[in-house]
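# Descriptive analysis of the structure
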Amino acid sequence: MGCTRFGELWDRSTDDLLVEAVGEALGSAGIFRDDVDAWWLGTLGSGQSGLTLSRPLGIEYKPVTRVENYCATGSESFRNACYAVASGAYDRVVAVGVEKLKDSGFSGLLRADPPADGTASELSVTAPAAFSLLDPAYCARHGVDPGDMRAAMTHVAWKNHVNGARNPKAQFRAEVSREKIESAPKVAGRLGVLDCSGVSDGAAAALVVRAEDAYDYTDRPVFVKALALAAGPMRGGMDPDYDFTSFPEVRHAARDAYAQAGITDPRRQLSLAEVHDCFTPTEVVLMEDLGFSDGGRAWRDVLEGHFDADGRLPVNVDGGLKSFGHPVGASGLRMLYEAWLQLRGDAGPRQLDDPRTALTHNLGGRPGGCVSFVSVVGREPGPC
């Protein structure tokens, strides 16, 4: 695999990022560009068609497929690349994800919504506003004191910045005090600036081959055990039964992934997880949707350190979206990059003790209507 540094990369173009990420991925396997049979590129808005990748890399007349699935775009690139190899169509493929957000002149995601009939009013709500609804809804449903929930949200940001401070490729590499997090200017509801992931540029890439061929390229391969994607019907904004305390799409994707990987107890069978912490209450809710905490218990498990780097299930040990920012097309592959480093023992000062299986999770959209991706990867082939 390969991954660029994430950040405000004003001096790097989309082409530069693609060349760096792919070069590192191919170099780690000891192969060259022309050894790759096919390519998958994920980007939300940093290019159209496979030419976005073939031109800077000089790929000559090979299939290059560009995919997009909101914030799960990088994961979608990887999922499709894996299926291409599993089908027997290709021997060696590369999945790439890239996004250049800082050069757009727009703070946040730059996208144009498709034409609609005007009834989907939630599309006019900003992402921070939409995700800020998770906080009071969770408190109301589970009887959680707002002060306790605020402390849990703060702990998520604090934890992920502690982890990111040890990662040379993170956008933000400084620990942030709890006091600073809680006193940050408010963006929406109780979400402050430091409850929100940053806006960044970056790219990541992965070489995918058949399991039986893996040792031809490395003595420490990582094996794909599960790939699950769920797209919701987007009825949350109109459904009176939807209460903004869960992502049904995440629950469906997790259930599918666990069945594929033979996981019956994710808290015990997973060594680490990289999840989509776009906002701090999102990570709290995800701990329950992914089965890491019982219903109504995630806030307490967060505060007790269960998901810290030295906890029972480390979550976002690389710093997550909170420290890396969120270049949409790259984030899913960045999560897989951390899993790859950890499972190979190459994560440096943040290396965990003997990890064997890892989960990555992306979601794109917002509460009430999103797509969700879950993967499980491990050091050994076969079910967990």
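Being a predicted model, the structure only gives us computed values, none of them experimental. In this numbering scheme, every chain counts its residues from 1 along its sequence in written order. Reporting of local features is limited, given that this is a predicted model, to residues whose pLDDT is at least 70; pairs of side-chain atoms are given and counted only at 80 or more, and all residues count toward the totals for whole chains, interfaces and linings. Calculated side-chain values reflect all of the structure's heavy atoms, with hydrogen atoms and water omitted.

Read across the sheet, five strands follow the order E1-E7-E4-E2-E3 without closing on themselves; strand pairing throughout is mixed. Unpaired on one side and paired on the other, strand E1 (2–3) and strand E3 (64–67) mark the two borders of the sheet. Here a residue-residue contact requires only that any non-hydrogen atoms of the pair lie within 4.5 Å. Convention adopted: a line fitted to C-alpha atoms gives each axis, helices being fitted over their contacting stretch, and angles between N-to-C directions are expressed from 0 to 180 degrees. The helix and strand labels rest on DSSP assignments: H or I over at least four residues marks a helix, E over at least two residues marks a strand, and numbering proceeds from the N terminus. In the packing of helix H1 (residues 14–29) onto the sheet, contacts are made with E1, strand E2 (38–42), strand E4 (92–100) and strand E7 (201–209), and the angle to E7 comes to roughly 35°. Sheet contacts for helix H3 (residues 73–86): E2, E3, E4 and E7; angle to E2, the most-contacted strand, approximately 160°. Two strands qualify as a pair provided that DSSP identifies no fewer than 2 bridges between them.

What follows is about the sheet that holds strand E11 (residues 369–378). In spatial order, the strands read E8-E11-E10-E9; together these four strands make up an open sheet with mixed pairing. Strands at the two margins of the open sheet, each flanked by one partner only, are strand E8 (223–231) and strand E9 (272–274). Each strand of the sheet is rotated relative to its neighbour by a mean of 15°, with strand direction disregarded. One ladder, built from three bridges, connects E9 with strand E10 (residues 357–366); its direction is parallel.

For the protein chain, the assigned domains are domain 1 (2–104 + 202–216) and domain 2 (127–196 + 220–378). Where each domain begins and ends is defined by an automated method or by a domain database. Summarising the inter-unit geometry, the C-alpha centres of domain 1 and domain 2 are found 24 Å apart. Of the residues lining the interface, 37 residues belong to domain 1; the matching set on domain 2 comes to 28 residues. Once two parts are brought into contact, the accessible area they lose, counted with a 1.4 Å probe and summed over both, makes up the buried area. Of the roughly 2700 Å² buried at the junction of domain 1 and domain 2 (both faces included), carbon and sulfur atoms supply 73%.

Quick look at the nonpolar core now. One finds Phe247, Leu290 and Phe292 to be the most contacted residues of the largest nonpolar core, which totals 47 residues. Ranked by the residues each element gives to this core, the list is headed by helix H8 (residues 248–261), at six residues. Ignoring sequence-local partners within four residues, the contact set of Phe292 consists of Tyr258, Pro266, Arg267, Leu270, Ala273, Met287, Asp301, Phe307, Arg312, Leu313 and Leu359. Core analysis: the second largest hydrophobic core is formed by 36 residues, Ala81, Val208, Phe324 and Trp340 among them. Among the buried residues, those of types Ala, Val, Leu, Ile, Met, Phe, Trp, Tyr and Cys that are joined through side-chain atoms within 4.5 Å form a nonpolar core. Between buried and exposed lies partly exposed: a residue is buried under 20% and exposed over 50% of the maximum accessible area for its type, with that area taken using a 1.4 Å probe on protein chains only.

Attention now goes to the side chain of Asp289. Here Asp289 is to be found in helix H10 (residues 280–289). At a separation of 2.7 Å, a polar atom in the side chain of Asp289 contacts the side chain of Ser246. Any N or O atom pair separated by 3.5 Å or less is treated as a polar contact, with the protein-specific requirement of one donor-capable and one acceptor-capable atom, and with residues adjacent in sequence counted only for side-chain atom pairs. In terms of polar contacts, Asp289 uses its side chain to reach the side chain of Arg251, at 2.7 Å.

Using a grid of 1 Å spacing that covers the protein atoms alone, one calls a set of points a cavity when a 1.4 Å probe fits there but cannot get out, and a pocket when the set is open and has protein on both sides within 12 Å along at least five of seven lines; lining residues are those with an atom within 4 Å of a point. Grid points are joined across faces, edges and corners, and a volume is the space filled by probe spheres set on the points. Considered as a void within the structure, the second largest pocket measures approximately 770 Å³ in volume. As for the second largest pocket, its lining consists of 34 residues, of which Val208, Val209, Val222, Phe223 and Val224 are closest to the centre. When residue character is reported, Ala, Val, Leu, Ile, Met, Phe, Trp, Tyr, Cys and Pro are called nonpolar, Asp, Glu, Lys and Arg charged, and the others, Gly included, polar. Looking at the lining of the second largest pocket, its residues break down into 26 nonpolar, four polar and four charged.

Here we come to the pattern of salt bridges. The term salt bridge refers to a side-chain nitrogen of Lys or Arg lying within 4 Å of a carboxyl oxygen of Asp or Glu. The tally for this structure, following the rule as stated, stands at 29 salt bridges. Across the pair Arg150 and Asp195 runs a salt bridge whose closest N-O atoms are separated by 2.8 Å. Of this pair, Arg150 sits in helix H6 (residues 146–164) while Asp195 sits in the loop between strand E6 (191–192) and E7, and the two are 45 residues apart along the sequence. Of the two residues, Arg150 and Asp195, both sit in the buried class. Close ionic contact of Asp346 with Arg220 constitutes a salt bridge, the shortest N to O distance being 2.9 Å. On the criterion of sequence distance, the pair formed by Asp346 in the loop between helix H13 (328–344) and E10 and Arg220 in the loop between E7 and E8 is long-range, its members being 126 residues apart. Using a relative accessible area of 34% as the deciding quantity, one classes Asp346 as partly exposed. Residue classification places Arg220 among the partly exposed positions, given a relative accessible area of 34%. Three or more residues are tied together by salt bridges with common partners; here these are Asp91, Arg210, Glu212 and Asp213.

Here the focus is the UniProt feature "domain: Thiolase C-terminal" (unreviewed entry) in the protein chain. Mapped onto this numbering, the UniProt entry annotates "domain: Thiolase C-terminal" (unreviewed entry) at residues 243–365. Between the end C-alpha atoms of residues 243–365 the distance is 16 Å, and the span holds 46% helix and 10% strand. UniProt positions are given in the numbering used here, feature names are shortened, and annotations may be inferred rather than shown by experiment.

Before going further, it helps to examine the pairing of E11. For a regular strand, side-chain orientation follows a simple rule: the groups alternate between the two sheet faces. Along E11, ten of the ten residues are buried, which leaves the element largely enclosed by surrounding structure. Both E8 and E11 contribute to a ladder of eight bridges, which runs antiparallel. Each residue of the ladder has a partner; that of Ala230, found in E11, is Ser372. In this sheet, E11 lies alongside E10 in antiparallel orientation, the contact comprising ten bridges.

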